[in-house]
Amino acid sequence: MYLAAVQAPSRQSAGSFREGAVASVPVAIAVMPVAMLFGAVAVNAGLTALDATLMSALMFAGASQFVAIDLFGQAIPAWSILLSVLAVNFRHVLYSAALTPAFRPLRRATKAGLFPLLIDPVFAFMEKRLAEGRGFCPAAYLGMGLVLYANWVLGSAAGAVFGQFVADPEALSLDMILPIYFLTLVVSFRARANWGIVVAASGTLSVAVYHAPALGLTFLGPPWHITIGAAGGILAAVLAAARGRPVPVDEAAQEETFEAAAPPREEVRR
Amino acid sequence: MTEGFLPLVLACAALTVLTRAGGYLLLSRVRTIPPRVNVALEAVPAAVLTTLFAPAVLSGSWREAAAMALAALLALRFGPTATILACAAVLTALRTWS
């Protein structure tokens, strides 16, 4: 149904769909444990298995889903959760910008079907195809996107169902999985310019703001540690950076891809 | 469904699709990114994600801090899944026996 709506099926597009599906297998195997972890952590954070599965089906956005359930569990206001989700997903803007020439000739319905599946490995896959001169192919894009989508939703559901049987989450250290996961993502960005300055600035500021109410500054504290800490880190990067030339959008997107936040970088690099 | 969760998820989903289509919608106007804006954009993920784990390092006991330190070391060499499983195992052991 989905494929038919997006592109008139033909023998050639069936072959391309299969090519995308096959290329997604190593990524799917690597992402499956992360999807199950998401389901288990979501249930541990007080959500139902239905919540977790529905979230994966509607968002299909690894790292930012972890961020959202973490903050939802801490009763942080919705605007702050949305801001954090936007920040973590912002790299996708660069992906669709970089693929603009490829998207432009497609029909509007096709584009509407493709955009929601524009995740890190799909972008990397299409970039590679374009670099090899094989052109942009909606069927191959869909082949990879839909397999990874099904993988993500089913993995989340399985993890959530399994997570319900964990009687004492703290005994399995499930309560610390989110901070550890975010830490590993930050470490995976370490090749970026100004990384140390950014991490030092936002780390220090966020801890300070988080504990500020104990020092009498009651107007601070969560969720301001996210907003103020992140703003401080970004400002530090801008202040530390040398003046440069304007950067073409597709170059900026490539800088982002191969270390992207979700799924984890070693899986995208294959 | 958990109360109040569905509206949040719908908003998050809309936002996510918007970022995935956003570059295409914007690019008819912009071809290059000013250098300072590019630096800022590149810093966004590390800046945000750091604020999400930093308070946790100091909020627990020494056991949680030790597990986070171990995670930072392991993440230099291994992927997230292996790092998380190893650190969760170590933290569970520390909580049980010390």
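Residue positions are given per chain, counted from 1 along the sequence in the order it is written. Throughout, the order in which chains and ligands are written sets their labels, letters from A for the former and numbers from 1 for the latter. The predicted nature of this model means local features are confined to residues of pLDDT at least 70 and side-chain atom pairs, given and counted, to a pLDDT of 80 or more, with totals for whole chains, interfaces and linings taken over all residues. Excluding hydrogens and water, the side-chain values take into account all heavy atoms of the structure.

**Q** Please provide a residue-by-residue account of unusual backbone geometry, values included.
**A** All names here are of chain A. Residues other than glycine seldom take positive phi values, yet Ala75 does so here, at roughly 55°. Its identity as a non-glycine residue notwithstanding, Asn194 has a phi of 65°, on the positive side. Mapped onto the elements, Asn194 comes out in the loop between α12 (177-188) and α13 (195-211). A run of H or I in DSSP counts as a helix once it spans at least four residues, and a run of E counts as a strand once it spans at least two, with each numbered from the N terminus.

**Q** Describe the layout of surface pockets, with residues and values.
**A** Using only the protein atoms, space was sampled on a 1 Å grid; points where a 1.4 Å probe fits but cannot get out form cavities, open sets with protein on both sides within 12 Å along at least five of seven lines form pockets, and lining residues are those with an atom within 4 Å of a point. Grid points are joined across faces, edges and corners, and a volume is the space filled by probe spheres set on the points. Size it by volume and the largest pocket reaches roughly 400 Å³. Lining the largest pocket are 22 residues; nearest its centre among them are Asp70(A), Gln74(A), Asp175(A), Pro179(A) and Ala56(B). Elements represented by at least two residues in the lining of the largest pocket include exactly α3 (25-44), α5 (62-73) and α12 of chain A together with α2 (35-59) of chain B. The greatest single-element share of the lining of the largest pocket, amounting to five residues, is contributed by α2(B). In the lining of the largest pocket, the residues fall into 12 nonpolar, seven polar and three charged. Side-chain classes follow a simple rule in which Ala, Val, Leu, Ile, Met, Phe, Trp, Tyr, Cys and Pro form the nonpolar group, Asp, Glu, Lys and Arg form the charged group, and the remainder, Gly included, forms the polar group.

**Q** Run through helix α7 (residues 91-98) of chain A, naming residues and quoting values.
**A** Taken across its eight residues, α7(A) has eight buried, putting it largely inside the fold. Partly exposed residues are those whose accessible area sits between 20% and 50% of the maximum for their type, while under 20% is buried and over 50% is exposed, using a 1.4 Å probe and protein chains only. All buried positions along α7(A) are accounted for by Arg91(A), His92(A), Val93(A), Leu94(A), Tyr95(A), Ser96(A), Ala97(A) and Ala98(A).

**Q** Kindly report on the confidence of the model for chain A, identifying the contributing residues and their values.
**A** Residues and elements named next belong to chain A. Across chain A, the average pLDDT comes to 84, with 88% of residues at 70 or higher. How sure the predictor is of each residue is captured by pLDDT, a score from 0 to 100. Summarising per-element confidence for chain A, the mean pLDDT is lowest in helix α16 (residues 265-268) (38) and highest in helix α4 (residues 49-59) (96). Residue range residues 258-270 is modelled with pLDDT below 50. Its contacts to residues more than four positions away, or to other chains, number 42 contacts. Residue contacts are counted whenever heavy atoms from the two residues lie within 4.5 Å of one another.

**Q** How would you explain the interface of chain A and chain B if you had to name every residue and give the values?
**A** Taken together, the contacts link 95 residues of chain A with 66 residues of chain B. Simply put, the buried area is the total loss of 1.4 Å probe accessible area from both parts when two parts are fitted together. Of all residues in chain A, the largest losses of buried area upon contact with chain B belong to Met176(A), Ile180(A) and Leu183(A), amounting jointly to 8% of the total for that side. Salt bridges are counted wherever a side-chain nitrogen of Lys or Arg sits within 4 Å of a carboxyl oxygen of Asp or Glu. Applying the counting rule to chain A against chain B returns zero salt bridges. A per-class count over the side of chain A that touches chain B returns 63 nonpolar, 18 polar and 14 charged.

**Q** Tell me about the packing of α13(A) against α2(B), and name the residues and values.
**A** At their nearest, the axes of α13(A) and α2(B) sit 8 Å apart, and the two run at 45° to each other. Here α2(B) runs oblique to α13(A), going by the angle between their axes. Note on packing geometry: the crossing formed by α13(A) with α2(B) is right-handed. Side by side, α13(A) and α2(B) meet where Trp195(A), Val198(A), Val199(A), Ser202(A), Gly203(A), Ser206(A), Val207(A), Tyr210(A) and His211(A) of the first sit next to Ala43(B), Ala46(B), Ala47(B), Thr50(B), Thr51(B), Ala54(B), Pro55(B), Leu58(B) and Ser59(B) of the second. Among the residues forming the contact of α13(A) with α2(B), the class breakdown is 11 nonpolar, seven polar and no charged. Interaxial angles span 0 to 180 degrees and are taken between N-to-C directions of axes, which are lines fitted to C-alpha atoms, for helices over the stretch in contact. In this scheme, roughly parallel covers angles under 35 degrees and roughly antiparallel covers those over 145, while 65 to 115 is roughly perpendicular and the rest are oblique. Each crossing gets its handedness from the near helix: less than a right angle anticlockwise from the far helix is left-handed, clockwise is right-handed.

**Q** Summarise the confidence of the model for chain B; cite the residues concerned and give the values.
**A** All names here are of chain B. For chain B, the mean per-residue pLDDT works out to 88, and 97% of the residues sit at or above 70. Looking across chain B, the model is least confident in strand β1 (residues 32-33), with a mean pLDDT of 76, and most confident in helix α3 (residues 62-75), with 95. This complex was scored by the predictor with a pTM of 0.76 and an ipTM of 0.87.

**Q** Can you lay out the side chain of Thr16(B) for me, pointing to particular residues and giving the numbers?
**A** By secondary structure assignment, the location of Thr16(B) is in helix α1 (residues 5-27). Whenever two N or O atoms come within 3.5 Å, that pair is a polar contact, provided that in protein one can donate a hydrogen and the other can accept it, and provided that, for residues adjacent in sequence, both atoms are side-chain atoms. One polar contact links the side chain of Thr16(B) to the main-chain carbonyl oxygen of Cys12(B), over a distance of 2.7 Å. Setting aside residues up to four positions removed in sequence, Thr16(B) forms contacts with Met59(A), Ala61(A), Val85(A) and Asn89(A).

**Q** Summarise the environment of Tyr181(A); cite the residues concerned and give the values.
**A** With respect to the helices and strands, Tyr181(A) occurs in helix α12. A relative accessible area of 2% means that Tyr181(A) is categorised as buried.

**Q** Describe the side chain of Lys111(A), and please don't skip the residues or the numbers.
**A** Among the structural elements, Lys111(A) can be located in helix α9 (residues 108-114). Residues in contact with Lys111(A), not counting those within four places in the same chain, are Phe103(A), Arg104(A), Leu106(A) and Tyr24(B).

**Q** Could you give me a rundown of the pattern of salt bridges, with the residues and numbers involved?
**A** Taken as a whole and assessed by the stated rule, the structure comprises five salt bridges over all chains. The partner of Arg134(A) in a salt bridge is Glu132(A), and the shortest N-O contact between them spans 3.1 Å. Residue Glu64(B) is joined to Arg95(B) by a salt bridge in which the shortest nitrogen-to-oxygen separation is 2.8 Å. Of the two residues, Glu64(B) sits in helix α3 while Arg95(B) sits in helix α4 (residues 80-97), which places them 31 residues apart along the sequence. A network of salt bridges, in which partner residues are shared, links Glu19(A), Lys128(A), Arg129(A), Glu132(A) and Arg134(A).

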